[in-house]
Amino acid sequence: MPTFCGSCPACRTLTARPEKNCKFGSKCTRDDCAFAHASPSGSSHQAGCEPTACREGIECTRENCKFAHPSKALKCKGRQVLESGLIDYIIDKLKRSTTGFIAASQLCADIRKNASWDAAIDDAGGFKYFCLDHDDKIKWDPAGSGRVGLVKMGSIPVGAKVSIKTAQPSRGWGLTHAWSVGTVRSFSGSTYVVDFPEVEKWVGEEEDLAMVSGGDRSAQDFGTKDPAFDQFGFARNKDGGQFEFTGDGKQENRGRHLWEFGFLHGAQKLTPSRSYFEVKIIVNRADGIGIGLAGSSFHAGSMVGWDCDSIGFHSDDGALFYEDKGITFGPTSSTGDTIGCGVFFDAANTPQTVFFTRNQRVVGRFPLRSKDCDMLFPVVTSALPAIVQVNLTATSPAFLMACTLQTFKFEAKYNGASTRFKPVTIKGPPNSKGETPVNFKGYQDTAWVPQSHLKKTDTLLLKEFSNLELAFGSAVDGDTIDVRDCGIHLTRDPIDIKTAIMVIGTGAAKPTVSCSKAGGAVMSISADTLLQNLCVKSVGGDKSKRFDEGGSAGVFFNKGKLTIVTCDISSITGTGVLCKDDGDTSNNCEAFSMTNCRVGPCGRHGIILDKCAENNVITKVEIASVANIGLANNGANATLTDCVINDCLRGVLLSGIGRGFFEMTMLGSCITNCKDTALMLHSPYDRKLTLTGCTIEKCKVALQVDGAKTKIVVDKTNSVKDCIEVHVIKNNGQIISGEANMQQDTTLLEQRVLASGATSLSPKELRDVLTSRKIDCSDCLGKSDLVRKITALDLVPTVLQSPPPSSSFSTKDDVARKDDKSASTTSKETHKLSVET
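Residues numbered from 1 in each chain as written. Predicted model: local features only at pLDDT ≥ 70, side-chain atom pairs only at ≥ 80, totals over all residues. Heavy atoms only, no water.

## As for the overall build of the chain
- Secondary structure assignment for the chain yields 9 helices and 57 strands.
- Here the chain holds 837 residues, and the buried ones make up 48% of them.
- Partitioning the contacts of the chain with sequence separation of at least 6, the portion at a separation of at least 24 is 62%.
- In the form shown here, the chain has an accessible surface area of approximately 38,500 Å², with 49% of it arising from carbon and sulfur atoms. (Helix = DSSP H or I, 4+ residues; strand = E, 2+ residues; numbered from the N terminus. Buried < 20%, exposed > 50% of the residue type's maximum accessible area, 1.4 Å probe, protein only. Contact = heavy atoms within 4.5 Å. Areas by Shrake-Rupley, 256 points an atom, 1.4 Å probe, with all protein chains shown as cover.)

And the structure:
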């Protein structure tokens, strides 16, 4: 603030117009120097500067200030005389005021009555700047109100131990936490400066702080410390191992890391002898409880699993959160439920798998890695007030291993120097040279053995693993992995199958396999593989991205032979099954077979066959709840038998820009409830779709062909019902038909009649409407009751178009009479609709 009064002899010296710069500049010590001086920053004044004094005085920091400044040693000789008694007078008047405030204009008028204080008031009737120095005692014009008030003096002394008690400190949290205890460094009025362990010189108001004794907060404000927990927040210790969470994590306008989440952080890691703990929910509100593991320090103000170095299972939505990534995991929990968390350790006491339970039943498991060895401290969190009972020594339910690997003993030649084979342990899949990593019995070093030096024995081995990542990493050609029904099997990364194996689910229900990584496939297969009795769920990824751009899929197949039997496959944001040949003739997909399976729900497509295999057989497969295409065939020969496709945008699309002839056959299949087209052929090249014994119901368009070389062949065993349009033909496409049984529902015609003004379907209403307007029923097939009723009115043909022949499909002779507009656009450039992979 200013340090001069502007009226004493020293200050009056500054008001004269300086003729030139002082040669001593900022080092000048004369009180009556009449030359221009540099500002405190050291820059010199320009000649002919303003004659008035700078109001910032020696505290001016502007390098090019044009006002006059005193030297650093210049002292105002009139300030003390001028201020003598003035501040005390103002404070006394404020204390006498019943409201604690006085209008600034009234106060100025009272001060001017004293001649000795008149210099404190400027020509505009306001206070001169020097008076504002006392903002530690007086509030000058608070919030632009035109009033003067008295500053409330702080009651917390310097050196006191304090913590933040308010949910939203007046100047923000900074780097502090709810449990932080600091020391008061200084205060001015009600503004305090506090040194916290996380940050020094934290600034806040007295109303934000509470005095604490020692280093702990009182139970009333924060919680009571339990020796079993070394960190805690907004948690009060109750009797019988119960804790009451008192924080409110749903306050408005606050970042998530600043919310008042209650939490308990265990003082000891889980160990092989104490590997499981439980939390019983006594009283719970909607936002639920989080239980899991964290590192040695837990970031307060969040739920477990929201931050790095933690993993947590949340009761409100049943989701598992790992380093702030949430995925569908298990059922929700509420009052009365008990949720648990445990760790499986191997024989070397290395943590391998974390698992979660609900009411003593395993919900699912997640693999741990070497970097997670510190992430073994039990943590309980709550977003809203709740009461829980924590048992850190609970008895773990019987832990079932995730799977069993059926493999065989192998032998190999040692260095190829001897014809004698020695026992080895396979350590992984072969490399690009065809060499397999092995460990010879009695040796720790890994050796790479050519396939010609490796042989399988007849001795069967059974190995158990606590998570799937360990089992698939150990599998070799010919092995079988039996996956148990023991909760969801969650992996960190997609399962990459590069060896010929069988993966079979066992148990009363299909074991669920899922991946926590966004994007990619749950299973990526590039070898002869059998998947049987599994539920494969892809829960991550971006719905707007294709698979090759970071999208997701349940199963991705690009090499070898793949057989899928009795499996449920879904991808919330992507494609269920993607079969895509990589284009290399040496790595083509050889065969794809799918039987007794269900695909869906899917955020993009159900099944994609992209130039995949010569033999694609899909039998008794249900494809349902798909956002785009149920089955997209982008240039592959395929046969669908007894399949059901329901609730898709399009049912089947046969497309592709690859040259050559491709044919798709559908036998005894049903397509229903398609928002767009049930069956669509779209390609400039030879494509043929043959239907036998199929049914299409409740779709906008039953059949559509687009392209001079595309054709759909149907016979009388097929039927179309309740579709708005039976067929759409573009660009000289063909629909070759026998006497197909294609009948259209009368609902469409009824809607048109009623929309034309009729209030009922009585003969009188029909006559009135039909004589005034023409109702088109050319696409309403069959001799329905309504058509017969209209015909009986003798209004045909003037008001009613004749229905088409009983067959709804064009014959070869009909092709020449197609719409001229459709026939005119034959360019290949119009054939751009192909399925992305």
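## Some words on the sheet that holds strand β8 (residues 209–211)
- Taken together, the 5 strands give an open sheet; going across it, the order is β7-β6-β5-β4-β8, and neighbouring strands pair in antiparallel fashion. Every interior strand has two partners, whereas the edge strands, β7 (202–205) and β8, have only one. Mean inter-strand twist for the sheet, computed between neighbouring axes without regard to direction, equals 50°.
- By the bridge criterion, 4 bridges tie strand β6 (residues 191–195) to β7 in an arrangement that is antiparallel. Counterpart to threonine 191 in the pairing with β7 is glutamate 205. (Pairing = 2+ DSSP bridges. Axes fitted to C-alpha atoms, helices over the stretch in contact; angles between N-to-C directions.)

## Observations regarding the pairing of strand β23 (residues 403–413)
- Across 9 bridges, the pairing between β23 and strand β27 (residues 454–465) is antiparallel. Paired with cysteine 403 across the bridge in β27 is phenylalanine 465.
- Note that β23 and strand β28 (residues 480–484) share 4 bridges and pair antiparallel. Of the residues in β28, the one forming a bridge with leucine 405 is isoleucine 481.
- Pairing analysis gives 4 bridges linking β23 to strand β24 (residues 421–426), with the strands arranged antiparallel.

## Concerning the environment of lysine 325
- Inspection of the secondary structure puts lysine 325 in strand β17 (residues 325–328).
- With a relative accessible area of 57%, lysine 325 lands in the exposed category.
- With 192 residues separating them in the primary sequence, lysine 325 and lysine 517 have C-alpha atoms 8.7 Å apart.
- Apart from the residues within four sequence positions on either side, lysine 325 is in contact with Gly305 and Leu320.

## Considering the packing of helix α3 (residues 86–96) against helix α4 (residues 104–112)
- Across the interface, α3 lies against α4 with an axial gap of 12 Å and an inter-helix angle of 135°. In terms of orientation, α3 and α4 fall into the oblique class. Crossing of α3 over α4 shows right-handed handedness. Of α4, the residues touching α3 (which contributes Leu86, Tyr89, Ile90 and Lys93) are Leu107, Asp110 and Ile111.
- For the contact of α3 with α4, the per-class residue count stands at 5 nonpolar, no polar and 2 charged. (Parallel < 35°, antiparallel > 145°, perpendicular 65-115°, else oblique. Left-handed = near helix turned anticlockwise from the far one by under 90°. Nonpolar A, V, L, I, M, F, W, Y, C, P; charged D, E, K, R; others polar.)

## Quick look at the packing of aromatic side chains
- Inspection of every chain in the model, using the stated rule, returns 12 aromatic pairs.
- An angle of 75° between the planes, with centres 6.4 Å apart, marks the rings of tryptophan 306 and phenylalanine 321 as edge-to-face. Of this pair, tryptophan 306 sits in the loop between β14 (289–294) and β15 (310–314) while phenylalanine 321 is found in strand β16 (residues 319–322), placing the two residues 15 residues apart along the sequence.
- Taking relative accessible area as the criterion, tryptophan 306 reaches 14% and is therefore assigned buried.
- For phenylalanine 321, a relative accessible area of 14% puts it in the buried group.
- For the ring pair phenylalanine 313 and phenylalanine 329, a centre distance of 5.7 Å and an interplane angle of 65° mean the geometry is edge-to-face. (Phe/Tyr/Trp six-rings, centres within 6.5 Å; stacked < 30°, edge-to-face > 60°.)

## So, the sheet that holds β14
- Spatially, β9-β12-β21-β14-β15-β16-β17 is the arrangement adopted by the 7 strands of the open sheet, whose pairing is antiparallel. The open sheet has two edge strands, β9 (229–233) and β17, and neither has a second partner. For this sheet the average axis-to-axis angle between neighbouring strands, irrespective of direction, equals 15°.
- Pairing of strand β12 (residues 262–266) with strand β21 (residues 377–382), which is carried by 4 bridges, proceeds in the antiparallel orientation. Bridged to glycine 262 within β21 is serine 382.

## Examining the confidence of the model for the chain
- Here the chain averages 75 in pLDDT, and 66% of its residues register 70 or above.
- In the model, residues 72–82 has pLDDT below 50 throughout and makes 32 contacts with residues more than four positions away in sequence or in other chains.
- Ignoring residues within four places in sequence, the model shows residues 794–837, a span with pLDDT below 50, making 97 contacts including any to other chains. (pLDDT = per-residue confidence, 0-100.)

## What to know about the pattern of salt bridges
- If you walk through the whole model with that rule in mind, you get 15 salt bridges.
- Among the salt bridges present, the one from arginine 185 reaches aspartate 195, with a minimum N-O distance of 3.2 Å. Taken together, the residues arginine 185 in strand β5 (residues 181–188) and aspartate 195 in strand β6 connect sequence positions 10 residues apart.
- Looking at aspartate 195, the relative accessible area reads 22%, which means it is partly exposed.
- For lysine 580, the salt bridge goes to aspartate 610, with nearest N and O atoms at 3.2 Å. Note that lysine 580 is positioned in strand β39 (residues 575–580) and aspartate 610 in strand β42 (residues 607–610), a separation of 30 residues in sequence.
- For lysine 580, a relative accessible area of 25% translates into the label partly exposed. (Salt bridge = Lys/Arg side-chain N within 4 Å of Asp/Glu carboxyl O.)

## Points about the nonpolar core
- Residues Leu531, Phe592 and Met594 are the most contacted members of the largest nonpolar core, which totals 73 residues.
- Here this core takes 4 residues from strand β46 (residues 644–654), the largest share from any one element.
- Other than its neighbours up to four places away in sequence, methionine 594 contacts Ile564, Ile569, Val577, Val599, Ile607, Val617, Ile618, Thr619 and Val621. (Core = buried A, V, L, I, M, F, W, Y, C linked by side-chain atoms within 4.5 Å.)

## Side note on the side chain of asparagine 533
- By secondary structure assignment, the location of asparagine 533 is in the loop between β34 (529–532) and β35 (535–538).
- Polar contacts involving the side chain of asparagine 533 include one to the main-chain carbonyl oxygen of glycine 505, which spans 3.0 Å.
- Sequence-distant contacts of asparagine 533, defined by excluding residues within four places in its chain, comprise Gly505, Thr506, Lys510, Pro511, Val565, Thr566 and Cys567. (Polar contact = N/O pair within 3.5 Å; in protein donor to acceptor, adjacent residues only side chain to side chain.)

## Some words on unusual backbone geometry
- Geometrically, the link from glycine 600 to proline 601 is a cis peptide bond, its omega value of 0° lying close to zero.
- Positive phi values are uncommon outside glycine, yet asparagine 359 reaches one of about 55°.
- Summarising the element assignment, asparagine 359 is placed in the loop between β19 (351–358) and β20 (361–367).
- Here threonine 566, not a glycine, exhibits a phi torsion of approximately 45°, which is positive.
- Relative to the elements of secondary structure, threonine 566 occurs in the loop between β37 (560–565) and β38 (568–571).

## Digging into the environment of serine 570
- Structurally, serine 570 is set in strand β38.
- The exposure class assigned to serine 570 is buried, which follows from its relative accessible area of 10%.
- Considering only alpha carbons, one finds serine 570 and isoleucine 623, 53 residues apart in sequence, at a separation of 9.8 Å.
- Leave out the neighbours within four places in its chain, and serine 570 touches Val536, Lys537, Ser538, Gly554, Gly600, Pro601 and Cys602.

## Regarding the environment of lysine 93
- In this fold, lysine 93 is placed in helix α3.
- Separated by 14 residues in sequence, lysine 93 and leucine 107 place their C-alpha atoms 8.8 Å apart.
- Residue contacts for lysine 93: discarding those within four places in its chain leaves Ile102, Leu107 and Asp110.

## A closer look at α3
- Within the span of α3, buried status applies to Leu86, Ile87, Ile90, Ile91 and Leu94. For α3, the arc enclosing every buried residue in end-on projection is 135°, short of the 170-degree limit, so these residues lie on one face. Set apart from the buried face of α3 by more than 90 degrees, the exposed residues are Asp88, Lys95 and Arg96. (Arc of directions from axis to C-beta.)

## Looking at α4
- When we look at burial in α4, the residues that qualify are Ala104, Leu107, Cys108, Asp110 and Ile111. Buried residues along α4 cover an arc of 160° about the axis, so they all sit on one side.

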